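Listed here are the chains, written in short residue letters.
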Amino acid sequence: MNSNKNKQITIIGLGYVGLPLALLAEKKGYEVIGIDTDSKKIKLINDKISPFEDEKITNQLKNSSIVATDDLTKIKDSSIIIICVPTPVYENHIPNLEPVKGACNSVAPFIQKGQLVILESTVNPGVSEDTVLPILEEKSGLKCGEDFYLAHCPERINPGDEKWNVENINRVVGAFCKQGLEKAVAFYKTILSGKIKLMNSLKEAEAVKVVENSFRDINIAFVNELAMSFSRLNIDIVNVIEGAATKPFAFMPHFPGCGVGGHCIPVDPYYLIEYAKKSGFDHDFLSLARRINIKMPSFTAKQAMLELNKINIPINNAKVVVLGLSYKPNIDDCRESPSFEIIKALERYGANIVTYDPFVLDKSTAKNLDEALKNAKAVIIATSHDAFTRLTLNDFIKNGVGVVIDGRNCLSKDDFIKSEVAYKGIGR
Ligand SMILES: NC(=O)c1ccc[n+]([C@@H]2O[C@H](COP(=O)([O-])OP(=O)(O)OC[C@H]3O[C@@H](n4cnc5c(N)ncnc54)[C@H](O)[C@@H]3O)[C@@H](O)[C@H]2O)c1
């Protein structure tokens, strides 16, 4: 018999994090209430349609009984409330905690004694205790650690990842008090196959996630800087990294590209940078990594301009195609995608820009790959969707393409040697 049966949980925020979690909890026997502020998303989920492109979620939803709603009174019967709302930054890179505050403000009046609230959104150290807890206590009139419990378990899901998913990835959990920690760990044990590491505090758990994503941002910035340098030195960065990676210890390969996108890597470091700044500490390393990675889209657009120049085609008015709008392969998530910065840089050059992405089709994009490529002077591959990595030299030749800028180093450079199509990768 399933011991989770008849146990209700509520998930606040049914996005890339909240929806897979809701479906997992349902699979493990929980009755799941999903709360969201987006009425279109609520309707889609209740109609059993995934609000975003994801084959697994699409299939799981078909057989799901999850109720999506904006009715917060529903949470009264839940033993656990899990907050999975966005944590973006403003244009000036200052963290925007409004969605987290909004979720806490709306949940708090309905909190019941004994309930556990878990924040899964990525936040800087201190947010759970300094922002979430006071709102929950004030609006509920209840005391954390006595009447209700608060934990933080940062989500690590990597949408589109074939190997690691919401169920099997290891997690860390921190809580305000021992009882809250025990309750949170007991819950995650019922749904996860991955290991769970107990942290000493909410702050430690919060720090884990921003450190992980800052680590990745810094490593990518390192190879992006090498790519920009090696591009002038005429050294193939990809071959060098693959060479370095033959060392069996102390080297972890990261590869350069036309920019870092998504809701996490280009955003989360700012949460730590800004938090530390308030205590008088400047994270020079993290800030530099951000500055380097932000340069990559304009560096990429410049490669197109320079390569066109070499074949006597001015970029002004030339048809330049940007292939890929989402920030990573085979998904439709365009958040913080470098493609849009590449487009802005190309606009400054006066290029006649055409975009195409099989996962992001709208009136402004080409309808298909053939239409996009036809008579293009230059093509920039900004996302390594399967449809683009399959492109061959002949596809470019037959459409009269003169320059290919491989922003993801996903094509075979050797195929272009001695051909009439100029190839330039990022650092190769
Ligand atoms: N996307 C990822 O790959 C990923 C991975 C790990 C962690 N995270 C973190 O998880 C959190 C959520 O990210 P996401 O990608 O799922 O975001 P998302 O934008 O896909 O989904 C968030 C959902 O929350 C809803 N929402 C916003 N404010 C609300 C409120 N006050 N009440 C109820 N619903 C509200 C939105 O309508 C949206 O549907 C972020 O902190 C993010 O950094 C994301």
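Residues numbered from 1 in each chain as written. Predicted model: local features only at pLDDT ≥ 70, side-chain atom pairs only at ≥ 80, totals over all residues.

### Details of the overall build of the protein chain
Counting secondary structure elements, the protein chain contains 14 helices and 13 strands. Here the C-alpha atoms of the protein chain give a radius of gyration of 24 Å, agreeing with the 22 Å that 2.2 N^0.38 yields for 428 residues. Projecting the C-alpha coordinates of the protein chain onto the three principal axes gives extents of approximately 75 × 50 × 40 Å. Residues classed as buried in the protein chain amount to 46% of the 428 residues present. Excluding contacts between residues fewer than 6 apart, the proportion of contacts in the protein chain whose partners are at least 24 apart in sequence is 72%. (Helix = DSSP H or I, 4+ residues; strand = E, 2+ residues; numbered from the N terminus. Rg over C-alpha atoms; globule rule 2.2 N^0.38 Å. Buried ≥ 20, exposed ≤ 12 C-beta atoms within 10 Å, placed from the backbone. Contact = placed C-beta atoms within 7 Å.)

### Side note on helix α7 (residues 202–233)
With 32 residues, α7 should reach 46 Å at 1.5 Å per residue; the first-to-last C-alpha distance of 47 Å fits that figure. One or two steps after α7, the chain reaches N234, where phi turns positive at roughly 60°. (Expected span 1.5 Å × (residues − 1).)

### Some details on the domain arrangement of the protein chain
What the domain assignment lists for the protein chain is domain 1 (8–200) and domain 2 (224–425). Each of domain 1 and domain 2 has a C-alpha centre, and the two are 34 Å apart. Counting residues at the interface gives 16 residues for domain 1, matched by 15 residues for domain 2. Partitioned by chemical class, the residues of the side of domain 1 that touches domain 2 number 10 nonpolar, 5 polar and 1 charged. (Domains from an automatic or database assignment. Nonpolar A, V, L, I, M, F, W, Y, C, P; charged D, E, K, R; others polar.)

### Some details on the site of the ligand
Taken together, 28 residues surround the ligand, and among them G13, G15, V17, G102 and S121 come closest. Sorting elements by how many residues they give to the shell around the ligand places helix α4 (residues 98–107) first, with 4 residues. The class makeup of the residues in the shell around the ligand is 13 nonpolar, 10 polar and 5 charged. (Near = placed C-beta within 6 Å.)

### Details of helix α10 (residues 284–310)
Each turn of an α-helix holds 3.6 residues, which means side chains three or four residues apart point in the same direction. With 27 residues, α10 extends 38 Å from end C-alpha to end C-alpha; this agrees with the ideal 39 Å at 1.5 Å per step. Considering bend angle alone, the principal kink of α10 is centred on M296 and spans about 35°; proline P297 follows within four residues of it. Phi turns positive one or two residues past the end of α10, at N312, with a value near 60°. (Bend = angle between axes of the 7 residues up to and from the residue.)

### What to know about the nonpolar core
Core analysis: the largest hydrophobic core is formed by 118 residues, its most contacted members being V321, V379 and I380. Sorting elements by how many residues they give to this core places α7 first, with 10 residues. When residues are assigned to domains, this core turns out to be shared by domain 1 (8–200) and domain 2 (224–425), each giving three or more. Aside from chain neighbours lying at most four places away, what touches I380 is T300, A304, V320, V321, V322, L323, I342, I405 and G407. (Core = buried A, V, L, I, M, F, W, Y, C linked by C-beta atoms within 7 Å.)

### Overview of the pairing of strand β12 (residues 403–406)
The alternating pattern of β12 places V403 and I405 and V404 and D406 on opposite faces, both of which are buried. Here strand β11 (residues 378–381) runs beside β12; their pairing, made up of 4 bridges, is parallel. Within β12, the residue paired with V379 across the bridge is V404. With 4 bridges joining them, β12 and strand β13 (residues 422–425) adopt parallel strand pairing. (Pairing = 2+ DSSP bridges.)

### Here's the deal with the sheet that holds strand β9 (residues 319–323)
Taking strand neighbours across the sheet as the criterion, the 5 strands line up as β10-β9-β11-β12-β13 in an open arrangement whose pairing is parallel. Pairing within the sheet leaves two strands with one partner each, and these edge strands are β10 (352–356) and β13. Here the average twist between neighbouring strands, direction ignored, is 15°. For β9 and β10, the ladder comprises 5 bridges, and the chain directions are parallel. Looking across to β10, one finds that L323 is bridged to Y356. Taken strand by strand, α10 contacts β9, β11, β12 and β13, and its axis lies near 155° from that of β12. (Axes fitted to C-alpha atoms, helices over the stretch in contact; angles between N-to-C directions.)

### A look at the packing of α10 against helix α11 (residues 338–348)
Orientation of α10 relative to α11, taken along the N-to-C sense of each, is 50°, at an axis distance of 8 Å. In terms of orientation, α10 and α11 fall into the oblique class. Once α10 is placed against α11, the crossing between them reads as right-handed. Residues M296, P297, S298, T300 and A301 of α10 lie in contact with α11, whose contacting residues are P338, E341, I342, A345 and L346. Class assignment of the residues belonging to the contact of α10 with α11 gives a composition of 7 nonpolar, 2 polar and 1 charged. (Parallel < 35°, antiparallel > 145°, perpendicular 65-115°, else oblique. Left-handed = near helix turned anticlockwise from the far one by under 90°.)

### Describing the sheet that holds strand β7 (residues 171–175)
Spatial ordering of the open sheet is given by β3-β2-β1-β4-β5-β6-β7-β8, a layout of 8 strands whose pairing is mixed. The strands lining the two open edges of the sheet, one partner per strand, are β3 (67–69) and β8 (196–198). Between one strand axis and the next, the sheet turns by 25° as a mean value, whatever way the strands run. With 4 bridges connecting them, strand β4 (residues 80–83) and strand β5 (residues 116–119) associate as parallel partners.

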